[in-house]
Amino acid sequence: MPQPFSQGNQLKKRTSVLVFLKGTTAPLVLYVENPLALYDELSQILKLNSPTVKLIEKNTLGPVKKVCIQSTQICAVALQEEQYM
């Protein structure tokens, strides 16, 4: 008989950074070692609102292994906490 969910399995939490790009409906989901630092970096770029295009390149831990984004294409960023086993 299967064990009840709360006894045998421990739920873990991880935080991902969601990057919303202009012209897309779904966000880019990035898993990194320090999600808060990436969130702060990207939100600072949004605050500056500079017309100068910067290329942002990051190595990540999830299914997307490396990403390269133009700074002017970012319209929003968010932190998302997920539960997994």
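In this text, all values refer to a predicted model and were calculated from it rather than measured experimentally.

Caption draft 1: Spatial organisation of the packing of aromatic side chains. According to the stated counting rule, one finds zero aromatic pairs in the structure shown. The ring of Tyr 84 is capped by Arg 14, whose NZ or CZ atom sits 4.6 Å from the centre of that ring.

Caption draft 2: The layout of surface pockets, seen in detail. Considering only enclosed or pocket space, the largest pocket measures out at about 220 Å³ in volume. Considering the residues around the largest pocket, the lining is formed by Lys 22, Ile 45, Leu 46, Leu 48, Asn 49, Ser 50, Thr 52, Lys 54, Ser 71, Thr 72 and Ile 74. Tallied by class, residues from the lining of the largest pocket come to four nonpolar, five polar and two charged.

Caption draft 3: Local environment of the pattern of salt bridges. Taken as a whole and judged by the stated rule, the model has four salt bridges. Glu 82 is the partner of Arg 14 in a salt bridge, and the nearest nitrogen-oxygen pair spans 3.1 Å. Here Arg 14, found in strand β1 (residues 12-21), pairs with Glu 82, found in strand β5 (residues 74-84); they are 68 residues apart in sequence, far enough to count as distant. We note a salt bridge from Lys 66 to Glu 57, for which the minimum N-O separation is 3.3 Å.

Caption draft 4: Quick peek at empty space enclosed by the protein. Under the criterion given, the structure shown has one cavity of 30 Å³ or more. Counted as a void, the largest cavity has a volume near 30 Å³. Surrounding the largest cavity, Leu 30, Leu 38, Leu 42, Ile 56, Lys 58, Val 67 and Ile 69 form its lining. Those elements giving two or more residues to the lining of the largest cavity turn out to be α2 (35-48), β3 (55-59) and β4 (66-70). In terms of residue class, the lining of the largest cavity is built from six nonpolar, no polar and one charged.

Caption draft 5: Representation of the sheet that holds β5. Judged by pairing direction, the sheet is antiparallel, and its three strands sit side by side in the order β2-β1-β5 without closing on themselves. A single partner strand is all that each edge strand has here, and the edge strands are β2 (28-30) and β5. Averaged over all pairs of adjacent strands, the angle between their axes in this sheet comes to 30°, without regard to strand direction. Of the strand pairs in this sheet, β1 and β2 are connected by three bridges, and their pairing is antiparallel. Residue pairing across strands places Leu 18 opposite Val 29, the latter belonging to β2. Sheet contacts for α2: β1, β2 and β5; angle to β5, the most-contacted strand, approximately 165°.

Caption draft 6: Examining α2 more closely. Along its 14 residues, α2 runs 20 Å from first to last C-alpha, staying within 8% of the 20 Å computed at 1.5 Å per residue. Buried within α2 are the following residues: Pro 35, Leu 38, Leu 42 and Ser 43. End-on, the buried residues of α2 take up no more than an arc of 125°, which puts them together on one face. Exposed side of α2, more than 90 degrees from the buried face: Lys 47 and Leu 48 are the residues found there.

Definitions and limits used
Residues numbered from 1 in each chain as written. Predicted model: local features only at pLDDT ≥ 70, side-chain atom pairs only at ≥ 80, totals over all residues. Heavy atoms only, no water. Phe/Tyr/Trp six-rings, centres within 6.5 Å; stacked < 30°, edge-to-face > 60°. Lys NZ or Arg CZ within 6 Å of the ring centre and 35° of its normal. 1 Å grid on protein atoms, 1.4 Å probe; cavity = no way out; pocket = protein on both sides within 12 Å on 5 of 7 lines; lining within 4 Å. Points joined across faces, edges and corners; volume = space filled by probe spheres on them. Nonpolar A, V, L, I, M, F, W, Y, C, P; charged D, E, K, R; others polar. Salt bridge = Lys/Arg side-chain N within 4 Å of Asp/Glu carboxyl O. Helix = DSSP H or I, 4+ residues; strand = E, 2+ residues; numbered from the N terminus. Pairing = 2+ DSSP bridges. Axes fitted to C-alpha atoms, helices over the stretch in contact; angles between N-to-C directions. Contact = heavy atoms within 4.5 Å. Expected span 1.5 Å × (residues − 1). Buried < 20%, exposed > 50% of the residue type's maximum accessible area, 1.4 Å probe, protein only. Arc of directions from axis to C-beta.

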